[in-house]
Amino acid sequence: MESAMTLRGPRVLLRPWRTDDLAAFAQLNADPAVMEYFPSVLDTEQSDDLAKRIQAGFENNGFGFWALEIPSVLPFAGFVGLSVPGSAGLPFMPTVEIGWRLCQQAWGKGYASEAARVVLAHAFTALKLPEVVAFTTLTNQRSQAVMQRIGLSYAEGEDFMHPALPADHPLRHHVLYRVKYEDWLKQQ
Ligand SMILES: CC(C)(COP(=O)(O)OP(=O)(O)OC[C@H]1O[C@@H](n2cnc3c(N)ncnc32)[C@H](O)[C@@H]1OP(=O)(O)O)[C@@H](O)C(=O)NCCC(=O)NCCS
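Attention in this report is confined to the structure presented alongside it. Being a predicted model, the structure only gives us computed values, none of them experimental. (Residues numbered from 1 in each chain as written. Predicted model: local features only at pLDDT ≥ 70, side-chain atom pairs only at ≥ 80, totals over all residues. Heavy atoms only, no water.)

Here we look at the pairing of strand β9 (residues 173-180)
Now for step 1: Relative to β9, strand β6 (residues 131-137) runs antiparallel, the two being bridged by seven bridges. Residue pairing in the sheet places V132 in a bridge with V179 of β9.
Now for step 2: Bridge count for strand β7 (residues 153-154) against β9 is two bridges, and the pairing is antiparallel. Note that in β9 the partner of Y154 across the bridge is Y177.
Now for step 3: Looking at chain direction, strand β8 (residues 160-161) and β9 are connected through two bridges and run antiparallel. (Pairing = 2+ DSSP bridges. Helix = DSSP H or I, 4+ residues; strand = E, 2+ residues; numbered from the N terminus.)

Have a look at this one:
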């Protein structure tokens, strides 16, 4: 059986993080286009910290945001994976979210959706989660398109103001998407 730390799709490899991913991760987190829908870009220290927290998450939960490799194309393209949302005050907890962040070079090729489908299958078949959610700011259409492509549905009436952002912040309005195991199964 394949280790839970490594998942594969036709073109994607979801693998444990390596020390040599950190420089590429810092570059991605410093890119204003990648971080357009986040409060700010990250500096190298913040990026390294995030990578450490992601790795620690795997130890605590047995899942997390895997490092995404596109074999023979990009040794590190970003991350796709599962996480227990960390912000206090989110209205839909407890749950597990699916999320992604890819470098610009890797956009527009279907890699995020392909990797996310692999992760969702792992969430339901190996981890046996009853439901997976995803959320993003209202205006992040690219991310919502991934959610829709992999079979999540917009949770009508469950938009929320992100509790970690100040009241007047332009990114505060978030949308929630959900998929239950039974509904995912029907789509396979
Ligand atoms: C959100 C994000 C992962 C989406 O990436 P993406 O490349 O648009 O998503 P996909 O992998 O699903 O690729 C779909 C696109 O690839 C195209 N494509 C090209 N070749 C393809 C192939 N072989 N198979 C499938 N799609 C292909 C599709 O037509 C589609 O193009 P379109 O956007 O012009 O319609 C990316 O924009 C990102 O990392 N953004 C910054 C971080 C972020 O916002 N994260 C989410 C926070 S909640």
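From this point, things continue past the structure.
Details of the pattern of salt bridges
Now for step 1: Considering all chains together, one arrives at nine salt bridges under this definition.
Now for step 2: In this structure, R11 engages E114 in a salt bridge whose closest nitrogen and oxygen atoms are separated by 2.8 Å. Taken together, the residues R11 in the loop between β1 (7-8) and β2 (13-15) and E114 in helix α3 (residues 111-125) connect sequence positions 103 residues apart.
Now for step 3: In this structure R11 comes out as partly exposed when scored by relative accessible area, which is 35%.
Now for step 4: Overall, the relative accessible area of 12% leaves E114 in the buried class.
Now for step 5: Two residues, D20 and R18, come together in a salt bridge whose shortest N-O distance is 3.1 Å.
Now for step 6: Take R18: its relative accessible area is 37%, and that puts it in the partly exposed class.
Now for step 7: What emerges from the salt-bridge pattern is a single network uniting R15, R18, D20, D21 and E69. (Salt bridge = Lys/Arg side-chain N within 4 Å of Asp/Glu carboxyl O. Buried < 20%, exposed > 50% of the residue type's maximum accessible area, 1.4 Å probe, protein only.)

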